[in-house]
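Reading the structure
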Amino acid sequence: MNAPLQGHTARNLTRAIFDTVLEVDRVSLEYRTPQRVVRATHEVSFEVDRADRFVLLGPSGCGKSTLLKAVAGFIEPVDGRILLDGQAVRAPGPDRIVVFQEFDQLPPWKTVKQNVMFPLLASRTLGRREAEVRALHYLEKVGLSAFADAYPHTLSGGMKARVAIARALAMQPKILLMDEPFAALDALTRRKMQEELLELWDEVRFTLLFVTHSIEEALVVGNRILLLSPHPGRVRAEIDSHRFGLHSLGGAAFQQTAQRIHRLLFEAGAGEAGSPDVPGTHLAIQPQERAS
Ligand SMILES: Nc1ncnc2c1ncn2[C@@H]1O[C@H](COP(=O)(O)OP(=O)(O)OP(=O)(O)O)[C@@H](O)[C@H]1O
Ligand SMILES: [Mg+2]
């Protein structure tokens, strides 16, 4: 990665200089049903560098989850390509772990520790003994050591979210994929989880691809934000948000950037239909924006 080698293509050189983990290159994604073809994204391109906290932001239905599923290897692009460390993504693999919104993704008959160990064992990444050590290590990181032998139904929503994160990080994936992971939580717990995720990132420096439709959450969690247009998703802009975090909430620069993002997302009359009706800095049209 230090000295670019002779014979490298421009793309390889860029990857080497910026330490690119994920390249999404003019990717179009579709769903085919017997009745019709739904285009979810159209020629979307972006690159995620190592230790980025890269956010996909856009209104409901713009194809964020579909993009994440494609990176995870569950859906194949109809056009374009997805490269992970330079290799084409063709199928799901233990180097890409997804944390979904529903925490009932934790099998209820397994304890917290067994839940975290399960993917390590199922993918034959580690033997039982090492998997247990790894699981306990990450449970400690998310503050759940005392609950290692508890069953999921005895945990709060925030605690289940922590187990899902510990389980994903324990796999030490090349990229952690999160699809609105805190959307089902109450506002206070959601804020706490954002804080904890950033603390964890500070400690572990994992590479994150995070989906949200909250402008505020994007600014808090991300260092880079890709803005997608409404259905079908196309890239509107990329925003550098590395200077924002929980500390900047409510500050003038934060508000200005949030408003700028809002305008970028909804200029050209987009967003009247299909945007979620959520208050604050979610992607609902504010009255003053409508008037302007
Ligand atoms: N299994 C499916 N079959 C057919 N169409 C689908 C399927 N899943 C999603 N779609 C369509 O693809 C488009 C993109 O959906 P997707 O779930 O990726 O949006 P999203 O940006 O994640 O939205 P949200 O913010 O509501 O989660 C939408 O028009 C949706 O109706
Ligand atoms: Mg979605």
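For every chain, the first residue of the written sequence is number 1, and numbering continues from 1 onward in sequence order. As they are written, the chains are lettered A onward and the ligands numbered 1 onward, keeping that order. Restriction of local features to residues with pLDDT of at least 70 applies here, the model being predicted, together with a cutoff of 80 or more for giving and counting side-chain atom pairs; totals for whole chains, interfaces and linings are based on all residues.

1. Here we look at the overall build of the protein chain
Worth spelling out the cut-off: We count a stretch as a helix when DSSP gives it H or I for four or more residues in a row; a strand needs E for two or more, and each element gets its number in order from the N terminus. Every C-beta atom is placed from the backbone, and the number of other C-beta atoms within 10 Å of a residue's own sets its class: buried at 20 or more, exposed at 12 or fewer, partly exposed in between. Residues are scored as being in contact if the C-beta atoms we place from backbone atoms lie within 7 Å.
Broken down by element type, the protein chain carries nine helices and ten strands. The burial tally for the protein chain puts 40% of its 292 residues in the buried class. Taking contacts inside the protein chain between residues at least 6 apart in sequence as the whole, the part at least 24 apart equals 68%.

2. Topic: the site of ligand 1
Test applied: For each residue, a C-beta atom is placed from the backbone, and the residue counts as near a molecule or strand when that atom lies within 6 Å of it. Here the nonpolar group is Ala, Val, Leu, Ile, Met, Phe, Trp, Tyr, Cys and Pro; Asp, Glu, Lys and Arg are the charged ones; every other residue, Gly included, is treated as polar.
Close to ligand 1 lie 14 residues, the nearest being Y31, S60, K64, S65 and T66. Counting residues per element, the ones that place at least two in the shell around ligand 1 are β2 (37-49) and α2 (64-72). Grouping the amino acids of the shell around ligand 1 by side-chain chemistry returns four nonpolar, nine polar and one charged.

3. A look at the sheet that holds strand β9 (residues 224-228)
This is how it is decided: Criterion used throughout: strands pair if DSSP finds at least two bridges between them. Lines fitted to C-alpha atoms define the axes, with helix axes restricted to the stretch in contact, and inter-axis angles between N-to-C directions lie between 0 and 180 degrees.
With mixed pairing, the six strands of this open sheet are ordered in space as β6-β7-β8-β3-β9-β10. Looking along the sheet, the strands with just one partner apiece sit at the ends: β6 (96-99) and β10 (235-240). In this sheet, neighbouring strand axes are inclined to one another by 20 degrees on average, regardless of whether the strands run parallel or antiparallel. Relative to strand β8 (residues 208-212), strand β7 (residues 175-179) runs parallel, the two sharing four bridges. Bridge pairing links L177 to L209 in β8.

4. What about the sheet that holds β2?
The strand order β2-β1-β4-β5 describes an open sheet built from four strands, whose pairing is antiparallel. This sheet does not close on itself; its edge strands, each paired only once, are β2 and β5 (87-88). For strand β1 (residues 20-32) and strand β4 (residues 79-84), the ladder comprises five bridges, and the chain directions are antiparallel. Across the sheet, S28 pairs through a bridge with D79, a residue of β4. Where α2 meets the sheet, it contacts β1, β2 and β4, and its direction lies at approximately 115 degrees from that of β1.

5. Regarding the confidence of the model for the protein chain
Stated formally: A residue's pLDDT is the predictor's confidence in that residue, given on a scale from 0 to 100.
Considering every residue of the protein chain, the mean pLDDT works out to 87; 85% of them sit at 70 or more. Within the protein chain, no element has a lower average pLDDT than helix α9 (residues 287-291), which sits at 32, and none a higher one than strand β3 (residues 53-57), at 98. Within the model, pLDDT remains below 50 along residues 1-5, and this stretch shows four contacts once partners closer than five positions in the same chain are excluded. Contacts from residues 270-292, a stretch scored under 50 in pLDDT, to residues over four places away or in other chains number 43 contacts.

6. Remarks on the pairing of β1
As paired elements, β1 and β2 share nine bridges and run antiparallel to each other. Bridge pairing in β2 links V27 to V44. What sits between β1 and β2 in their antiparallel hairpin is a turn of four residues.

7. Quick word on the packing of helix α4 (residues 128-141) against helix α5 (residues 157-170)
The criterion, for reference: The labels follow the angle: roughly parallel below 35 degrees, roughly antiparallel above 145, roughly perpendicular from 65 to 115, and oblique for the rest. Note on convention: near helix rotated counterclockwise from far helix by under a right angle means a left-handed crossing. Clockwise means right-handed.
Running from N to C, α4 and α5 point in directions that differ by 135 degrees, and their axes come no closer than 9 Å. Our classification of the angle between α4 and α5 gives oblique. The chirality of how α4 crosses α5 is right-handed. On α5, the residues touching R134, A135, Y138, L139 and K141 of α4 are A166, L169 and A170. For the contact of α4 with α5, the residue count by class is six nonpolar, no polar and two charged.

8. Observations regarding helix α3 (residues 112-122)
Of the residues making up α3, those classed as buried are V112, K113, N115, V116, M117 and L120. Two residues or fewer past α3, R124 is found with a positive phi of approximately 55 degrees.

9. Brief notes about the environment of F100
Within the element layout of this structure, F100 appears in the loop between β6 and α3. In sequence terms F100 and P181 are 81 residues apart; their C-alpha atoms lie 5.4 Å from each other. Not counting chain neighbours up to four residues away, the residues in contact with F100 comprise Q105 and D179.

10. Section: the nonpolar core
Worth spelling out the cut-off: Note on definitions: a nonpolar core is a set of buried residues drawn from Ala, Val, Leu, Ile, Met, Phe, Trp, Tyr and Cys, linked by C-beta atoms within 7 Å. Here the bounds of each domain stem from an automatic or database domain assignment.
If you look at the biggest cluster of nonpolar residues, it comprises 72 residues, and the most contacted ones within it are V71, A166, L177 and L209. The element best represented in this core is α5, accounting for eight residues. Of the residues that make up this core, three or more belong to each of domain 1 (10-95 + 173-291) and domain 2 (96-172). Look past the residues within four positions of A166 in its chain and what remains in contact with it is V116, Y138, L139, K141, V142 and L144.

11. Quick look at the packing of α3 against α5
It is the contact of α3 with α5, at a shortest axis distance of 8 Å, that shows an interaxial angle of 30 degrees. Between α3 and α5, the angle falls in the class roughly parallel. Between α3 and α5 lies a crossing of right-handed hand. Contacts from V112, N115, V116, P119 and L120 in α3 reach V163, A166, R167 and A170 in α5. Here the residues of the contact of α3 with α5 sort into seven nonpolar, one polar and one charged.

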